[in-house]
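# Residue-level structure breakdown
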Amino acid sequence: MTGQRFRGAGLLPYAAWALTRAALLLWVSGVLTLGGLDVTVDVSVIYRGWYETLLTGTYPLDDVTWQYPPGAALAILSPALLPFWEYASAFYALVLLCDALVFGLLLYGGRRPGIRAAGAWVWVVGVPLLGPTVYARYDLMVTAVAVAALLAGVRHPKVLGVLAAFGALLKVWPALVLVGVRRGRPTRAAWSAAALTAAGLGVGFALWMPGAYAFLAFQRDRGLEIESLGALYFHLARHAGWEGRVELHYGSMEFLGPHVGLVSTLVLGLAVVALGWLLVWRLRARRFAAHTPAQAAFTAVLLFTTTSRVISPQYVVWLVGLAAVCLAFRNGGMVRPAVLVLAAAGVTVLEFPLYFAEVVASDAWGVTLLFVRNGLLVAASLIAARRLWRETVPGARPEKAAPVRGDQPSRALR
C-alpha cells in the first residue's frame, strides 16, 4: 500500500525538485539575483584560496577562517574531480549531486513499509527556502552523509557508525547521529565502528598534510556571531547606548566590546545544559524504535545549533535534512518541530542575505527577523526534546501514535 500511494504521486516530487534546484543553480550562477549580499564569494574566493593552499600540501595554517576538521579538505578539493569546469561551477555541480543523493535516498525509503514520502517533500521544500546560500557552502554535502548514516543505520548500525565518523571529520556535528542508537549490540556496533573509523581517518589526515588540527585553536577563539541567540542582547543594547561594535572577526560578523565575553560564557553554559540533558536522556531512555536515532539526532542538533555562539544561515540545512529523515518514518513524529524548522529556513533567507545590512546595523527590521528565526529554533528545540523524552523514557507519558509494522525495530537493531 505504501509503495502504491507513493507511486500515485507520479512525477510531482521529481518535477518540484528539478524546478527548485534549477532556480538555485541560476541564483548561484548569477543569472537570477536575490538581492542583498553576494553569497557566492565564499566559493569563488575563500574556498578557491583554500583549494590552492591545500594543493601545495598543507592546511591553511595562517588563515583563522579555516575552522573545520581535517576532512573538510576533501570537500574543498572535490572540484578537482571535474577539471574541465572552473572551480565554482564544479563545486555547485557536486553540491547538486549531493542534493540529488539525499532526495533519492528519501524517495527510495518511501517505497519501504512503514516509511512515507513526506521526508522527501521536506527536503524538496526546505532546501530552496534557504536561498542560494545553501549551494554556496559545503554544509549540504555534510548533511548528505548524516542522512545516509541515519537511513542505513536502521538495518546496519556499523554503517551508521562509519558514516557518522566520516561526517564528524567533515564538520563535527554528524557525530550526534550516534546518540540515539538502540541500546545493547547496535550501540556497541555503531559506536565501535565510529571510534575505529575516526581514529584511522584522524591519523591519516594528520599524516597527509601538516596543520590538520590547527582549526581547534581558531574555533576556540571565535566570539559571539551577530545572528546567534546570545547576540540578541547586544542588538537591543546598542539602542540603549552600549559602546561595543560589530566587526568581521574570525570569518564572521561578531560583536566586540563590553560584556561580550560574559554573554558568550553564558551561551556556552546553555550548551553545557543541553549536553547534560542529552546525557540524562540517553541514560534513562529505554523505548527505542526504528525512528529513535533520527529523532535523537534531530533533537541534539537542534539543541546545539540553538545554543551555539554562531548560527550561520547554512546551519539550518542540517536541521532540514534531519527533519526530513524524521518525517520519512510513518510513526516518527517531530511534525511540529519540522514545520518550525521549515519556517525558520524561510526567515533565514530574509535575514541573510536579503536584509543582512539591517541585521549588522541592529535595525528594527533586522532584529525582528532574528527574533523570529531564533524564536522558531528555540521552540522547535523544546518541542522536539519533549517529544523524544515522552516516547523513550519509562514513566513519561508517551505521545499518542498508532504503531505500524515498519516502525518497529528491525532484527538488525535487536
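Residues numbered from 1 in each chain as written. Predicted model: local features only at pLDDT ≥ 70, side-chain atom pairs only at ≥ 80, totals over all residues. Heavy atoms only, no water.

The following threshold applies: UniProt positions are given in the numbering used here, feature names are shortened, and annotations may be inferred rather than shown by experiment.
By the naming in an unreviewed UniProt entry, the protein is DUF2029 domain-containing protein, taken from Streptomyces cyaneofuscatus. Its UniProt record, at the heading Subcellular location (unreviewed entry), says of the protein: "Cell membrane".

## What about the overall build of the protein?
The test is simple: Strands are runs of DSSP state E lasting at least two residues, helices are runs of H or I lasting at least four, and both sets are numbered from the N terminus onward. In this treatment the radius of gyration is a C-alpha quantity, and the globule benchmark scales as 2.2 Å times the residue count to the 0.38 power. The rule is simple: take the accessible area with a 1.4 Å probe, protein chains only, and divide by the maximum for that residue type; under 20% is buried, over 50% is exposed, in between is partly exposed. What makes two residues a contact is simply this: any of their non-hydrogen atoms within 4.5 Å. Residue-level accessible areas treat just the shown protein chains as cover; the underlying method is Shrake-Rupley with a 1.4 Å probe.
Within the protein, the secondary structure is distributed over 17 helices and three strands. Computed over the C-alpha atoms, the radius of gyration of the protein is 21 Å, within 12% of the 22 Å expected from 2.2 N^0.38 for a compact globule of 414 residues. For the C-alpha atoms alone, the extent of the protein along its principal axes is close to 60 × 55 × 45 Å. Looking at the protein as a whole, 55% of its 414 residues are labelled buried. Counting contacts in the protein only where the partners sit at least 6 residues apart, residues at least 24 apart contribute 77% of the total. For the protein, the computed accessible surface area is about 17,300 Å², with 67% contributed by carbon and sulfur atoms.

## Looking at the environment of R387
When you line up the elements, R387 lands in helix α17 (residues 364-392). Assessed through its relative accessible area of 16%, R387 is described here as buried. For the pair R387 and R397, spaced ten residues apart in sequence, the C-alpha separation works out to 9.8 Å.

## Examining the packing of helix α6 (residues 118-129) against helix α14 (residues 316-328)
Just so we agree on the cut-off: Axis geometry follows a simple rule: fit a line to the C-alpha atoms, using only the stretch in contact for helices, then measure angles between N-to-C directions, giving values from 0 to 180 degrees. Here the angle decides the label: under 35 degrees means roughly parallel, over 145 means roughly antiparallel, 65 to 115 means roughly perpendicular, and every other value means oblique. Note on convention: near helix rotated counterclockwise from far helix by under a right angle means a left-handed crossing. Clockwise means right-handed.
Where α6 meets α14, the axes come as close as 7 Å, and the angle between the chain directions of the two elements is 160 degrees. In terms of axis orientation, α6 runs roughly antiparallel to α14. Where α6 crosses over α14, the handedness of that crossing is right-handed. Between α6, through A118, G119, V122, W123, G126 and V127, and α14, the contact on the second element is made entirely by V317, V320, G321, A323, A324, L327 and A328.

## Some points on helix α2 (residues 12-28)
Spelled out, the test is: The span expected for a helix works out to 1.5 Å for each residue beyond the first. It is the directions from the helix axis to the C-beta atoms whose arc is reported.
The end-to-end C-alpha distance of α2 is 25 Å, a good match for the 24 Å that 17 residues give at a rise of 1.5 Å each. Considered for burial, the residues of α2 that qualify are P13, A16, W17, R21, L24 and V28. Along the axis of α2, the buried positions cluster into a sector of 115 degrees, meaning they face one direction only. Away from the buried face of α2 by more than 90 degrees, exposed residues L12 and L19 are located. In this fold, the buried residues of α2 make contact with α5 (87-109) and α6. Positive phi shows up at G30, right after α2, with a value of about 85 degrees.

## Some thoughts on the sheet that holds strand β2 (residues 245-249)
Filter applied, for reference: When DSSP finds two or more bridges between two strands, those strands count as paired.
Across the sheet, three strands lie side by side as β1-β3-β2; this open sheet has antiparallel pairing. One side of each edge strand has no neighbouring strand; the edge strands of this open sheet are β1 (224-225) and β2. Note that β1 and strand β3 (residues 252-256) share two bridges and pair antiparallel. In the strand pairing of β3, L224 is matched with F255.

## A look at the side chain of R137
Relative to the helices and strands, R137 is located in the loop between α6 and α7 (139-153). By relative accessible area, which is 7% here, R137 ends up buried. If we ignore the near neighbours within four places in the chain, the residues touching R137 are V39, D42, Y47, F91, V95, Q314 and F352.

## Some remarks on the side chain of D139
Along the chain, the position of D139 falls in helix α7. Given the relative accessible area of 1%, D139 is considered buried. Once residues within four sequence positions are removed from consideration, D139 is found in contact with K171, Q314, Y315, V317 and W318.

## Side note on the packing of aromatic side chains
Under the convention used in this document: Any pair of Phe, Tyr and Trp rings, taking the six-membered ring for Trp, is counted once the centres come within 6.5 Å. Such a pair is stacked with planes under 30 degrees apart, edge-to-face with planes over 60 apart, and tilted for the rest.
On inspection of all chains with the given rule, the structure shows 26 aromatic pairs. Taken together, a centroid distance of 6.3 Å and an interplanar angle of 75 degrees make the contact between F91 and Y92 edge-to-face. On the basis of relative accessibility, which here comes to 0%, the residue F91 falls in the buried class. Given the relative accessible area of 7%, Y92 is considered buried. Measuring from ring centre to ring centre gives 6.4 Å for W281 and F288, while their planes differ by 55 degrees; the resulting arrangement is tilted. Through successive ring pairs, a cluster of aromatic residues spans Y47, W50, Y59, W66, Y68, F91, Y92, Y138, F205 and W208.

## Brief notes about the packing of α2 against α5
Quick note on the threshold: Each residue gets one of three labels, nonpolar for Ala, Val, Leu, Ile, Met, Phe, Trp, Tyr, Cys and Pro, charged for Asp, Glu, Lys and Arg, and polar for the others, Gly among them.
One can describe the packing of α2 onto α5 by two numbers: an axis separation of 12 Å at closest approach and a directional angle of 160 degrees. When the axes of α2 and α5 are compared, the pair comes out roughly antiparallel. Of the two possible hands of crossing, α2 and α5 adopt the one that is right-handed. Residues P13, Y14, W17, R21, L25 and V28 of α2 lie in contact with α5, whose contacting residues are Y92, L96, D99, A100, F103 and L107. The residue inventory of the contact of α2 with α5, partitioned by class, reads ten nonpolar, no polar and two charged.

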